[in-house]
Amino acid sequence: MASVVRAAMKAIKEKGLRNFFRELKEEGYLRCLPDGNLLQTKIHNIGATLVGVDKFGNKYYERLEDTQFGRHRWVEYGDKGCYNASQVPPEWHGWLHFITDHTGDELLMLKPKRYGVEHRENFSGEGDEYIYHSKGHSLNPGQKDWTRYQPWQPTKA
Amino acid sequence: MLSKVARNAGKHLAGFRQILRQPFQVNLQARSFSTALNYHLDSPDNKPDMPWDFTDANKERVKELLSHYPSNYKQSAVIPLLDLAQQQHGGWIPVSAMNTIAKIIEVAPIRVYEVATFYSMFNRMKVGKYHLQVCGTTPCMIRGSREIEEALLKHLGVKRNEVTKDGLFSVGEMECMGSCVNAPMIAVADYSKGSEGYTYNYYEDLTPKRVIEIVEMLRRGEIPPVGTQNPDRIRSGPQGGNTTLLREPKPPPCRDLDAC
Amino acid sequence: MGLGLRAIQRSKTLFSSRLFPPPFSNSRVSPLPNSRVFSLENVQSASINAPLRCFHSRASLQNPEASAAAVSEEIPRPRTPVGGARVEFTSPEDAIEVTVDGFQVKIPKGFTVLQACEVAGVDIPRFCYHSRLSIAGNCRMCLVEVEKSPKPVASCAMPALPGMKIKTNTPVAKKAREGVMEFLLMNHPLDCPICDQGGECDLQDQSMAFGSDRGRFIDTKRSVVDKNLGPLVKTVMTRCIQCTRCVRFASEVAGVQDLGMLGRGSGEEIGTYVENLMTSELSGNVIDICPVGALTSKPFAFKARNWEMKGTESIDVTDAVGSNIRIDSRGPEVMRILPRLNEDVNEEWISDKTRFCYDGLKRQRLNDPMIRGPDGRFKPVTWRDTLAIVAEVIHQVNPEEIVGIAGLLSDAESMMAMKDLLNKLGSDNIWCEGDGLHPQADLRSGYLLNTSIAGLEKADAILLVGTQPRFEAPMVNARIRKAVRSSQAKVGYIGPPTDFNYDINHLGTGPSTLLRIAEGRHPFCGTLLSAKRPALIAGAGLFDRNDQNALLSALHTIRDLGRLVKPEWNGFNLLLLNAAQAAGLDLGLIPRPNSIHNLSSAKLVYLLGADDSKLLDKIPNDAFVVYQGHHGDKSVYRANVIFPSAAFSEKEGTYENTEGRAQRTAPAVPTVGDARDDWKILRALSEVAGVRLPYDSALALRARIRGVAPGLLRVDEREEASVISGAFSPDFCRKLGSEDFGKAVENFYMTDSITRASKIMAQCSSTLLKQK
């Protein structure tokens, strides 16, 4: 604990109080207070190696010693406020899930330039245009205009 | 300008094809099956509604064959009857012949089809005068029966179970015929002297070159020597003469029964 | 609160841990080697001291032989047999005792190892074995270990021997099954997401238990050409695992030798060899018995998944057998119909008509009450108006001029309500369609299948008179076929030439042959007399003939002459055609002698779903016709008022099958549109017409039925008819007509308003009947 305080004091001395707080905010340390997940990630990060940072600002960490196998790679999301797993781009997915040992930066080379589309996180359930309503759903603009059975038509008589 | 682009594209395409071919050739190679099609396809000489019956001489034979079995187990005669039909019909059995047999032994036609499709020596499609049956079982396959078959098919210009245009040859696959020691081998069903006096001739220790020579000899009407085609071997003996059993073997040790 | 509790618990833990000192302290010195010594306290304290997880070891765990001995000494608790497997001992000395997984079971001689395991409550995985088919033993999935046997044993084909020690959960058995599963999956496509069997597939289920997540097979998988088996069965033959259940079903139960096993080795496939549709009226059952998705339902293909559907146990009404079915529905739609096990009625098969008629429930439905206007057009109106109009007409006509006819599909409740209503109005002209005009309904044994459907299996000589059971009641036909196959029963048949799927002796086509048998001048009499359990089955088509009284007395003479009725055996049967018939006759919906005259002078005809064109022709032009039913079929074009009612899948109704077994349908889906239950419509009409029926609920209505036919309330029980012989005078000779017997069912696939509305049934009749 003492070492953390000492390091903080040193940083304040170097950068000034204002810059220190700005950095604290940007790095998400303030979000740690309400968000235990982030706090845990930050604690995890101590002593781990930073393997790479993607263009969304997600940081990929690895720690091989003193960690349970299968938990030795993790990500700290760039978006500190609202993060989910779909923010990890495909090139890093394999590394993060132990599918491959190639890091995302290496795999990015293989990405086809011509038709490879930009990664986008999954927006399901966020906003009307992303929600699918089946035909006949009460929120679907089209009205239900069919029956499950075919009635007998008296006009044929 | 355009032609240049086209030439470039062609070069690349050839390259791509080269790349693609190599791994795919392994994966897409068809699995070979020993039997022919397991369902009937109508052809001009093979339709279910064609009339077919045993000849009068063979009808006597049918009666004789049926007498081998109890009258309530007539269906036991299905294999002899199929064989008889095959001999009568030039080495193969049309579907109408199977229907006739089903009527004779009083079972549903499907029960006869089941038997006929099971045994690979019953040909359900037209065969040539010489039906070349390549052994495809493991020992022969290891010793290169696939290459033998490939050479045959390429030489004759047919696919498996197809007859050449002159009606002389057809190639099929067979299961083990017990000549594993002389693998690879083919059996030639020789219908040249009429399908009733047909013989199965074994040609063993084949090479792709030798098998084509045999085919050519057959085409000329010669009879190639049956058995091993390796001049250094006598029947199934080792190459270059015996290495063991060089003298008359000793009789097995036997108790002298008279002594006691 | 939660915090407080936890605090108390924690203090308790502390307290108890102080009472029972923990065996090893929190320091890392673990006294594991000694832990055996104080195992009991150890376990206790460990369970109390939750945060401190310790490995405790028992003596038995360290000594495999000792533990094995301890296990065998244990007395295993008796287990319940799988799927309610029944064990019947013909004689006590036939029982043998085997041990299954250390548990002793008594089984009859001749049981297989697999059956013994089932009795012991162990479910053996299987693909090719089916209890109703012959044993093939070719899937090898049922391998078990038998003590003193060098190899695993295929339990389905191995007879159980006395003292056999069977082990089903040993590593040997498990490994054997895993090997079999790997071989099966070698050529089986992994296309479960697009396979219709997905979710109810035996292979899928068993690969959960015995399958590996990968195989060692690297070659390409086999592919097989799909076969065309007709409009009902869809084939994806690449998925086939060659269990040959379908081949055995087709040749043994359905009696059509179309399917076979072609080829050999890995090229083996199921097929017909030549282009051949499966022309069986039971072909749909191969869908159920196929353990994989090779044979699936064509009409149901890609419609729904089995876990999306709600199953409702119900009764089939398309014929008089009353097959037990499960109606699978999703929301307001019937998605499919499956058989339900009932050993006494349909075993586990149903006919194609039963299985595939369901799309008729969605087409041509009557959903609004309608009145024919002066211009001859129907227009939808409210219930209030329609009921008022019908009530007014009722008051305008004479009671004798009212005629009520119940249809083929009417349930007992609605027939009772209609009879009560018409009787209250003063009319007794009420009968059930299909009974002809003079049914012999005085004796219950005169119109029922007295032998019972299951009993027909035991018959050894059967005389069929004017009936084609294959088309009238396929499930009864399957029983007769079973009798012919198992005990070589002799079957004689009098009637027009028709298809049978077993050997019959075609005795003649008309009543003259019947006469010769009745007079004892026919060789078949000897067969009947020498038989231990002879049976006679007459078709309900005889009711329609003018000489039916003479025919019936001839049949009764044969009954007495051929000694069909013995103690414990009643071989005199009448095979009914329609689901409503037996209940209608029980409830007294019987035409009076002059009722045909009454119909031709009727002013008000009330059709309760009756669509018989022969009846429609007799209705006079000036009569007011009320049609109450669920389908716009033949009768609606003659009707003046339409009451829409619920179909059998939408209501709870009692039906009595041809053997006198009352069974009840259950509502699976809601009714369509404004339709109502039949008896409720009649009850409402009675109120409007001023003759209130005294029941307001189904329960009260059933209480009324109890007064008339109490057997109808004993659901799922067969109410046997009492036997009275010699009721007829033998004066048949003169009165017998010379007209040949006709076919009661012209088109098997279209017999009632539901099947006539069904597209699938139309397809079947156009393709399958043409091929025949």
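Residues numbered from 1 in each chain as written. Chains lettered and ligands numbered in written order. Predicted model: local features only at pLDDT ≥ 70, side-chain atom pairs only at ≥ 80, totals over all residues. Heavy atoms only, no water.

We now examine helix H8 (residues 208-219) of chain B. Residues and elements named next belong to chain B. With twelve residues, H8 extends 17 Å from end C-alpha to end C-alpha; this agrees with the ideal 16 Å at 1.5 Å per step. Three or more residues of H8 are buried, namely Arg210, Val211, Ile214, Val215, Met217 and Leu218. Taken end-on, H8 shows its buried residues confined to a sector of 160 degrees, consistent with a single buried face. Where the residues of H8 are buried, they touch strand E1 (130-135), helix H7 (145-156), strand E2 (169-174), strand E3 (186-190) and strand E4 (199-204). The first or second residue beyond H8 is Gly221, which carries a positive phi of 90 degrees. (Helix = DSSP H or I, 4+ residues; strand = E, 2+ residues; numbered from the N terminus. Expected span 1.5 Å × (residues − 1). Buried < 20%, exposed > 50% of the residue type's maximum accessible area, 1.4 Å probe, protein only. Arc of directions from axis to C-beta. Contact = heavy atoms within 4.5 Å.)

Residue and element names in this part refer to chain C. Grouped together as the largest cluster of nonpolar side chains are 160 residues, with contacts concentrated most on Leu463 and Ile480. The residues touching Leu463, leaving out its near neighbours within four places in the chain, are Gly492, Ile494, Leu507, Ile517, Phe524, Leu528, Ala535, Leu536, Ile537 and Ile558. The next biggest cluster of nonpolar side chains, apart from the first, holds 44 residues, and it includes Val393, Ala406, Met418 and Leu712. (Core = buried A, V, L, I, M, F, W, Y, C linked by side-chain atoms within 4.5 Å.)

Before going further, it helps to spend a moment on the side chain of Thr100(A). Residue and element names in this part refer to chain A. Mapped onto the elements, Thr100 comes out in the loop between helix H4 (90-96) and helix H5 (104-108). Of the polar contacts made by the side chain of Thr100, one reaches the backbone nitrogen of His102; its length is 3.0 Å. Ignoring any residue separated from it by four or fewer positions in sequence, one finds Thr100 in contact with Arg73, Gly94, Trp95 and Leu107. (Polar contact = N/O pair within 3.5 Å; in protein donor to acceptor, adjacent residues only side chain to side chain.)

All names here are of chain C. Reading across from one edge, E10-E11-E12 is the order of the three strands in this open sheet, with antiparallel pairing throughout. The open sheet has two free edges, formed respectively by strand E10 (310-315) and strand E12 (333-339), since each of these has just one partner strand. On average, each strand axis in the sheet is inclined to that of its neighbour by 30 degrees, with strand direction left out of account. Examined bridge by bridge, E10 and strand E11 (residues 324-330) share six bridges and lie antiparallel to one another. (Pairing = 2+ DSSP bridges. Axes fitted to C-alpha atoms, helices over the stretch in contact; angles between N-to-C directions.)

What follows deals with the UniProt feature "domain: 4Fe-4S Mo/W bis-MGD-type" (unreviewed entry) in chain C. The UniProt entry lists residues 309-365 of chain C under the feature "domain: 4Fe-4S Mo/W bis-MGD-type" (unreviewed entry), expressed in the numbering used here. As annotated, residues 309-365 of chain C comprises 9% helix and 35% strand, and the C-alpha atoms at either end are separated by 22 Å. (UniProt positions renumbered as here; feature names shortened; annotations may be inferred.)

With that settled, consider the interface of chain C and chain A. The parts lose accessible area when they come together, and the size of an interface is often stated as this lost area. The interface of chain C with chain A comprises 16 residues on the first partner and eight residues on the second. Summed over both sides, the interface of chain C with chain A buries roughly 1300 Å², with 57% coming from carbon and sulfur. One salt bridge connects Arg148(A) with Glu333(C), and the closest N-O pair in it is separated by 2.8 Å. Our enumeration of links across chain C and chain A arrives at eight residue pairs in polar contact (both at pLDDT 80 or more). The class makeup of the residues in the side of chain C that touches chain A is eight nonpolar, four polar and four charged. (Buried area = accessible area lost by both parts, 1.4 Å probe. Salt bridge = Lys/Arg side-chain N within 4 Å of Asp/Glu carboxyl O. Nonpolar A, V, L, I, M, F, W, Y, C, P; charged D, E, K, R; others polar.)

All names here are of chain A. A surface patch of nonpolar side chains, about 300 Å² in accessible area, is lined by Leu39, Ile43 and Ile46. Tracing the sequence through the fold places Ile43 in helix H3 (residues 36-45). Accessibility expressed as a relative area gives 53% for Ile43, which makes it exposed. (Patch = residues over 30% accessible without salt bridge, like charges linked within 9 Å, V, L, I, M, F, W, Y side chains within 5 Å. Areas by Shrake-Rupley, 256 points an atom, 1.4 Å probe, with all protein chains shown as cover.)

With 25 residues of chain C in contact, the opposing surface of chain B contributes 22 residues. Each partner contributes to the roughly 2000 Å² buried at the junction of chain C and chain B, and carbon and sulfur atoms together form 56% of this total. The interface formed by chain C and chain B includes zero salt bridges. At the boundary of chain C and chain B, one finds eight residue pairs in polar contact (both at pLDDT 80 or more). The element best represented in the side of chain C that touches chain B is strand E7 (residues 260-262) of chain C, accounting for three residues. Residue composition of the side of chain C that touches chain B, grouped by class: eight nonpolar, ten polar and seven charged.

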